[in-house]
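The residues making up each chain are set out below.
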Amino acid sequence: MSKVNTFDKNIQEEEFKAPEIYGLPLLLAANAVEYIPFIKQKVASDALLYKLRDRMDIVEHPTTLAIPLEYINSPKDAQVHTKEIPKLDPNHKSTSPFLSFWDYHEAYTQFKTTPTKVAKNLMNQLEKSRSMNWVRFYTQDILEQAKASTERYKQHAPLSQIDGVFITIKEEINIKDLETKLGTSFISDHQPATDDATLVTKLRNAGAIIVGSTVMNELGWDTFTVNPNTGMPKNPYGLTHSCGGSSGGCGGCVAGGLFPISIGADGGGSIRIPSSFCGLYGLKTTYARVSAYGSAPVDPSLGSYGPLAATADDMTLAYSIIAGPDPKDPYSLLQPPVSLKDYDNYHDLSDLTIAVYPDWAKNLTEPVILEKLNIFKHYLEILGAHIKEIEIPDLDIASPAHSITICSEMHNFISRYESKQRKLLAHTRIMTGAAKALDSRDFIRAQQVRTRMMNHMRHIFEEQKVDLILCPTTALIAPEIPEKAHTYGMTHVKLTIRSMAFCTLANLTGLPAVNVPAGFHEGMPIGLQFMAKWWNEALLCRIAKACEHIPNIERKVPAANQWFGDKLLS
């Protein structure tokens, strides 16, 4: 194996040498980064943000648009106004212990209840769940939205199968009349959004009821949603454990049974990590598959949007509604038509080649996650899939390239609020300081690495004839967060790197990826990840559907959950 593909103990120790800091020492560290010049350089170095500076072999042309030229469609061919709201086949509906959109839709069409009645039940449960810190702001017209949906069902004219289904949105995405605060204490103060983001508009046009905005990491700058501004979202499977991040509130409120779907954003695993930690399906879409209009440009070349959901069907239906071209986001016009091709063909996978890269995971990942991965491999082979081993070159430089890019882009975003940066949380201030220590050569070289990694992935999918890549979603299970982190926050680089280890490649290269639930260990969920080539979300939805049927992989509702269940539909 080549040097760049070695994931041995020495590399792990290099990556994990930064300290973990909580509470008041974290605040002191943030002050030191801001006032002592060499400290920010030290933090940047420990975070491997300088790792590419001495790599003179990186000579590719830099890429900032994470879509290969061969995969770019002509904007003039974008079918902006002709897309129909999709419909899933009830003969193949997901089975799950969680409430699905199927349960809502069937209850409404059979007049067992109405969206208005459910809205009142939900509002009671939301009030009871406030201490879980899942939802930050609520829309003021929930009952009005529900009343309109009730009338449509009364007239036997629902807008779609998602009509009357209650959905939350990560708080970096605009919801009209709500402040889009991105987890901070100050952004958008007294300046609520005047319009919905495009993806919110699409959901409303399908009849979905938008309930509010979910709690996230401040600016999305970590993976555990430890946010003293809002309170940390509690994982319903273990109340002292992280929901993941940065879409932690999304994961919590779906796993907690209040919603079948929440829409998150993913710049470095922020949909897939909370889906893994909370036992959910979570789809990171291809870069620009979902319009970014109306969303904060925190990580504009890395971020994408997608659903966290209770079932594969909920994820798939939500994805197919929010995806598609939007004239307000020119990059979204580069995509081919949205498709759910072969979605119901989940019992026969003989047309698929699924790749694994054993050395990527074996020294980094908790053994129980690899045990689950082997169970999945075996079952997928029973369904006819061909499993082959591959190598992914240059992963040792792909991770720092992602870190450099996201830190640079986040710093660029927050620099517009320079006069208020002392109001940022200590962890965010430390990361901002580290980002300030970067310069143009770091950013350009990271984009050169992006080019190289996109070429590698294109070779795997096209030349090696691979359809899917199967790997862990994270290298760990949802960790417990100590009480001392709740006041000032925390920085724990070892955990952050292990949570992101398998996620950032898809962000850097623009690939779509999905987390699927893979059972439990000591009561906490485990997730596995599939990646596909650009624009092939249909295949990811299909494989997620197939994984719902893997025997002896437990799905269960949280034992500590007081809000889950049919009481919403009573």
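Above this note sits the structure.
Residues numbered from 1 in each chain as written. Predicted model: local features only at pLDDT ≥ 70, side-chain atom pairs only at ≥ 80, totals over all residues. Heavy atoms only, no water.

Caption draft 1: Representation of the overall build of the chain. If you tally the helices and strands in the chain, you get 19 helices and 15 strands. For a compact globule of 570 residues, the expected C-alpha radius of gyration is about 25 Å, and the chain comes in at 22 Å, within 12% of that figure. Taking the principal axes of its C-alpha atoms as reference, the chain extends roughly 65 × 55 × 50 Å. Across the 570 residues in the chain, those meeting the buried criterion constitute 64%. In the chain, 82% of the contacts between residues at least 6 apart in sequence involve partners at least 24 apart. With the model as given, the accessible surface of the chain reaches about 21100 Å², and the carbon-plus-sulfur share is 52%. Separation of charge centres in the chain, based on 57 positive and 62 negative side chains, amounts to 3 Å. (Helix = DSSP H or I, 4+ residues; strand = E, 2+ residues; numbered from the N terminus. Rg over C-alpha atoms; globule rule 2.2 N^0.38 Å. Buried < 20%, exposed > 50% of the residue type's maximum accessible area, 1.4 Å probe, protein only. Contact = heavy atoms within 4.5 Å. Areas by Shrake-Rupley, 256 points an atom, 1.4 Å probe, with all protein chains shown as cover. Lys, Arg positive; Asp, Glu negative; His and termini not counted. Charge placed at Lys NZ, Arg CZ, Asp CG, Glu CD.)

Caption draft 2: Quick peek at the packing of helix H10 (residues 312-322) against helix H19 (residues 537-547). In the contact formed by H10 and H19, the axes pass within 9 Å of each other and the chain directions differ by 165 degrees. If you check the angle between H10 and H19, you find them roughly antiparallel. Pair H10 / H19 crosses with left-handed handedness. Seen from H10, the contacting residues are Ala312, Asp313, Met315, Thr316 and Tyr319; seen from H19, they are Glu537, Cys541, Ala544 and Lys545. Of the residues assigned to the contact of H10 with H19, the class counts are five nonpolar, one polar and three charged. (Axes fitted to C-alpha atoms, helices over the stretch in contact; angles between N-to-C directions. Parallel < 35°, antiparallel > 145°, perpendicular 65-115°, else oblique. Left-handed = near helix turned anticlockwise from the far one by under 90°. Nonpolar A, V, L, I, M, F, W, Y, C, P; charged D, E, K, R; others polar.)

Caption draft 3: A look at empty space enclosed by the protein. What the rule picks out here adds up to two cavities of 30 Å³ or more. Every residue along the wall of the largest cavity is listed here: Asn217, Glu218, Trp221, Asp222, Phe224, Thr225, Val226, Leu425, His427, Thr428, Gly489 and Met490. Counted as a void, the second largest cavity has a volume near 30 Å³. Lining of the second largest cavity is provided by Leu126, Ser129, Arg130, Trp134, Val135, Tyr138 and Leu258. Per-class residue counts for the lining of the second largest cavity are five nonpolar, one polar and one charged. (1 Å grid on protein atoms, 1.4 Å probe; cavity = no way out; pocket = protein on both sides within 12 Å on 5 of 7 lines; lining within 4 Å. Points joined across faces, edges and corners; volume = space filled by probe spheres on them.)

Caption draft 4: Local environment of the environment of Thr225. Note that Thr225 resides in the loop between strand E4 (209-214) and strand E5 (234-235). Note: C-alpha distance between Thr225 and Pro325 (100 residues apart in sequence) is 31 Å.

Caption draft 5: View of the state of the cysteines. Across all of its chains, the model carries zero disulfides by this definition. Free of any disulfide, Cys407 has its nearest cysteine sulfur in Cys503, 16 Å distant. Unpaired in terms of disulfides, Cys541 finds its nearest cysteine sulfur in Cys547, a separation of 12 Å. (Disulfide = S-S within 2.5 Å.)

Caption draft 6: Expanded view of the side chain of Gln335. Residue placement: Gln335 occurs in the loop between H10 and strand E10 (353-356). Polar side-chain contacts of Gln335 include one of 3.2 Å to the backbone oxygen of Gly324. The residues contacting Gln335, other than those within four sequence positions of it, are Asn73, Ala288, Arg289, Gly324, Pro325 and Trp535. (Polar contact = N/O pair within 3.5 Å; in protein donor to acceptor, adjacent residues only side chain to side chain.)

Caption draft 7: Seen up close, the environment of Asp89. With respect to the secondary-structure elements, Asp89 resides in the loop between helix H3 (37-46) and helix H4 (101-109). Between the C-alpha atom of Asp89 and that of Glu366, which follows or precedes it by 277 residues, the distance is 38 Å.

Caption draft 8: View of the packing of H3 against helix H14 (residues 426-436). Packing of H3 against H14 leaves a shortest axis separation of 8 Å and a crossing angle of 90 degrees. Here H3 is positioned roughly perpendicular relative to H14, judged by the angle of their axes. Contacts from Lys40, Val43 and Ala44 of H3 reach H14 at Ile430, Gly433, Ala434 and Lys436.

Caption draft 9: Looking closely at the nonpolar core. Formed by 113 residues in total, the largest nonpolar core has its most connected members in Phe166, Ile169, Leu199, Leu203, Phe530 and Ile543. When sequence neighbours within four positions are dropped, the list of residues in contact with Phe166 reads Tyr104, Tyr108, Pro115, Val118, Ala119, Leu122, Ile142, Ile209, Val211, Phe259, Pro260 and Ile261. Membership of the second largest hydrophobic core comes to 65 residues, among which are Tyr50, Ala66, Leu334 and Ala361. (Core = buried A, V, L, I, M, F, W, Y, C linked by side-chain atoms within 4.5 Å.)

Caption draft 10: Structural detail: the packing of aromatic side chains. In this structure the tally under the stated criterion is twelve aromatic pairs. Their ring planes at 15 degrees and their centres at 6.5 Å tell us that Phe224 and Phe277 sit as a pair that is stacked. In this pair, Phe224 is assigned in the loop between E4 and E5 and Phe277 in helix H9 (residues 272-278), connecting sequence segments 53 residues apart. In this structure, Arg53 is placed above the aromatic ring of Tyr50, and the distance from its NZ or CZ to the ring centre is 3.9 Å. (Phe/Tyr/Trp six-rings, centres within 6.5 Å; stacked < 30°, edge-to-face > 60°. Lys NZ or Arg CZ within 6 Å of the ring centre and 35° of its normal.)

Caption draft 11: Representation of the pattern of salt bridges. All chains considered together, the criterion is met by 25 salt bridges. When the shortest N-O distance is used, the salt bridge between Asp266 and Arg272 registers 2.9 Å. You'll find Asp266 and Arg272 in the same group, each marked buried. With a closest N to O distance of 3.6 Å, Asp394 and Arg452 form a salt bridge. Of this pair, Asp394 sits in the loop between strand E11 (386-389) and helix H13 (395-414) while Arg452 sits in helix H15 (residues 440-463), placing them 58 residues apart in sequence. Through salt bridges with shared partners, one network takes in Arg55, Asp57, Glu60, Asp394, Asp396 and Arg452. (Salt bridge = Lys/Arg side-chain N within 4 Å of Asp/Glu carboxyl O.)

Caption draft 12: Up close: the sheet that holds strand E2 (residues 135-138). Pairing in this open sheet of eleven strands is mixed, and the strands run E2-E4-E3-E7-E9-E8-E14-E15-E12-E10-E11 from one edge to the other. In the strand order of this sheet, the two ends are held by E2 and E11, each with one partner. Neighbour to neighbour, the strand axes of the sheet diverge by 30 degrees on average, direction disregarded. With five bridges joining them, strand E3 (residues 166-170) and E4 adopt parallel strand pairing. In the sheet register, Phe166 faces E4, and the bridge partner there is Ile209. (Pairing = 2+ DSSP bridges.)

Caption draft 13: How the structure looks around the side chain of Ser499. Its place among the elements puts Ser499 in helix H17 (residues 493-500). With relative accessibility at 0%, the residue Ser499 sits in the buried group. A polar contact of 2.8 Å, which involves the side chain of Ser499, links it to the side chain of Thr223. At 2.7 Å, the side chain of Ser499 and the backbone oxygen of Thr496 are in polar contact. If we skip the residues at most four places from it in the chain, Ser499 touches Thr223, Phe224, Ile273, Thr473, Thr474 and Leu476.

Caption draft 14: Quick look at the pairing of strand E7 (residues 261-266). Of all six residues in E7, six are buried; the element is thus mostly enclosed. Residue alternation in E7 divides its side chains into two sets, Ile261, Ile263 and Ala265 and Ser262, Gly264 and Asp266, and both sets are buried. Where E3 lies against E7, three bridges are found, and the strand directions are parallel. The partner of Thr168 across the bridge, within E7, is Ser262. When E7 meets strand E9 (residues 304-309), the two strands line up antiparallel, connected through six bridges. In the strand pairing of E9, Gly264 is matched with Gly306.

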